[in-house]
Amino acid sequence: MNQSQSEASELDWDFYFYVAETLLGWSRDSFFKSTPNHLLKQYIMHLQYTKPEALKTVKQIQYIDQTPLYSRG
């Protein structure tokens, strides 16, 4: 791994540490004990609470001919 790949990898982790420690108030220990799914759910809940306009839920209607199980032939 060269220097630029190493720096990019560190920057990726810095974002996750920032979200966990600063926005969610977690310690590093609780960060490493959690799963990525749990971190994502907690971050989404944080966004819903602090900035509800940032996440807009759109109900999308799909018809039977738009599903992958429907064949037209």
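Details of the structure are given in the entry above.
Note that this is a predicted model, so its numbers are computed, not measured. (Residues numbered from 1 in each chain as written. Predicted model: local features only at pLDDT ≥ 70, side-chain atom pairs only at ≥ 80, totals over all residues. Heavy atoms only, no water.)

1. Brief notes about the overall build of the chain
The secondary structure content of the chain amounts to three helices and zero strands. In sequence order, the chain lays out its α and β elements as α-α-α. As presented, the chain carries roughly 6700 Å² of accessible surface, and 56% of it is formed by carbon and sulfur atoms. (Helix = DSSP H or I, 4+ residues; strand = E, 2+ residues; numbered from the N terminus. Areas by Shrake-Rupley, 256 points an atom, 1.4 Å probe, with all protein chains shown as cover.)

2. Some details on a nonpolar patch on the surface
Together, Trp13, Phe15 and Tyr16 make up an exposed nonpolar region whose accessible area comes to about 330 Å². In this fold, tyrosine 16 is placed in helix H1 (residues 3–23). (Patch = residues over 30% accessible without salt bridge, like charges linked within 9 Å, V, L, I, M, F, W, Y side chains within 5 Å. Salt bridge = Lys/Arg side-chain N within 4 Å of Asp/Glu carboxyl O.)

3. A look at the pattern of salt bridges
Using the criterion set out here, one finds two salt bridges in the structure. Arginine 28 is paired through a salt bridge with glutamate 21; the nearest N and O atoms lie 2.5 Å apart. With relative accessibility at 41%, the residue arginine 28 sits in the partly exposed group. Of the residues examined, glutamate 21 reaches a relative accessible area of 31% and is grouped as partly exposed. Salt-bridge contacts for lysine 33 lead to aspartate 29; the nearest nitrogen and oxygen are separated by 3.3 Å. In this pair, lysine 33 and aspartate 29 both sit in helix H2 (residues 28–33), four residues apart, roughly one turn of the helix. (Buried < 20%, exposed > 50% of the residue type's maximum accessible area, 1.4 Å probe, protein only.)

In short, shape yes, function no, at least from these values alone.
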